[in-house]
Amino acid sequence: MMDEDLNNAGIHERRPVKVGFIYLKDDDPRKATMKKLERFGMASITRLGSARGMVILTPYSERVILPSDSTLVKVRGICLIEGSWKRQDRFKTITGRYARSLPKLLAANPVNYGKLQILSSVEALAAALYITGYMDQAESVLSKFNWGVTFLRLNRDPLELYSKAMTAEDMRNMENEFF
Ligand SMILES: C[S@@+](CC[C@H](N)C(=O)[O-])C[C@H]1O[C@@H](n2cnc3c(N)ncnc32)[C@H](O)[C@@H]1O
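Residues numbered from 1 in each chain as written. Predicted model: local features only at pLDDT ≥ 70, side-chain atom pairs only at ≥ 80, totals over all residues. Heavy atoms only, no water.

(A) Seen up close, the overall build of the protein. The secondary structure content of the protein amounts to 8 helices and 4 strands. Walking the protein from its N terminus toward its C terminus, one meets helices and strands in the order α-β-α-β-α-β-α-β-α-α-α-α. A compact globule built from 179 residues should have a C-alpha radius of gyration of about 16 Å, and the protein, at 16 Å, falls within 12% of that. Dimensions along the principal axes, computed over C-alpha positions, put the protein at roughly 55 × 35 × 35 Å. Residue burial in the protein is summarised as follows: out of 179 residues, 46% are buried. By element, 50% of the accessible surface of the protein is carried by carbon and sulfur atoms, the whole surface being about 9900 Å². Looking at charge distribution, the protein has the averaged site of its 27 positive side-chain charges lying 8 Å from that of its 21 negative ones. (Helix = DSSP H or I, 4+ residues; strand = E, 2+ residues; numbered from the N terminus. Rg over C-alpha atoms; globule rule 2.2 N^0.38 Å. Buried < 20%, exposed > 50% of the residue type's maximum accessible area, 1.4 Å probe, protein only. Areas by Shrake-Rupley, 256 points an atom, 1.4 Å probe, with all protein chains shown as cover. Lys, Arg positive; Asp, Glu negative; His and termini not counted. Charge placed at Lys NZ, Arg CZ, Asp CG, Glu CD.)

(B) Summary view of a nonpolar patch on the surface. On the surface, a cluster of nonpolar side chains totalling about 230 Å² of accessible area is made up of L116, F178 and F179. Of note, L116 is situated in the loop between β4 (78–82) and α5 (121–131). Its relative accessible area of 34% is what places L116 among the partly exposed residues. (Patch = residues over 30% accessible without salt bridge, like charges linked within 9 Å, V, L, I, M, F, W, Y side chains within 5 Å. Salt bridge = Lys/Arg side-chain N within 4 Å of Asp/Glu carboxyl O.)

(C) Quick look at the nonpolar core. Core analysis: the biggest nonpolar cluster contains 43 residues, and M34, I78, L80, L125 and F151 have the highest contact counts within it. Listing elements by their share of this core, those giving two or more residues are β1 (19–23), α2 (33–39), β4, α5, α6 (135–142), α7 (148–162) and α8 (168–178). A per-element tally of this core places α5 first, with 9 residues. Not counting chain neighbours up to four residues away, the residues in contact with L125 comprise V19, M34, L37, L57, I78, L80 and V141. (Core = buried A, V, L, I, M, F, W, Y, C linked by side-chain atoms within 4.5 Å. Contact = heavy atoms within 4.5 Å.)

This is the structure we're talking about:
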């Protein structure tokens, strides 16, 4: 491999996973976690059409995210649905070819602290990044929130284990170990 190719390969490896979000404008924009990441240049609003080509995170997907989705995530990017949990009817039907749900985790954000599965968008994003091997980016997005580090602390053991799951069945068994 030529030096230039090696450099390009290195740059490609270091480039962060692309992060998008479908913005339903349900919540106060000052509180929406994806709007905050947008201000830091770490996420951008995505139209539904483009989002369908990304890995959409939704609790309604029957396919759980797995470590083997790492390349898919790198190539396609991750898309959150930034809407209110109180208006789930609005995002129930949003899905796509690469949609994934997350295994069970605890929320650490002040609105839903300690609740299972009711994650904020940034927590869901960080979990997906962690499970697929992008731990640095997971820490980096959470670092913008003063409770972000608590999410990793609260879920450290399950996340470590989930990041070794080979199959959806493995993942289910692992979830049962914790919750
Ligand atoms: C309902 S919104 C609420 C966002 C909140 N308003 C905020 O400021 O972060 C949370 C989003 O995170 C993702 N998410 C949360 N929990 C999830 C889970 N268990 N599985 C997959 N995605 C999840 C989904 O994209 C979901 O729409």
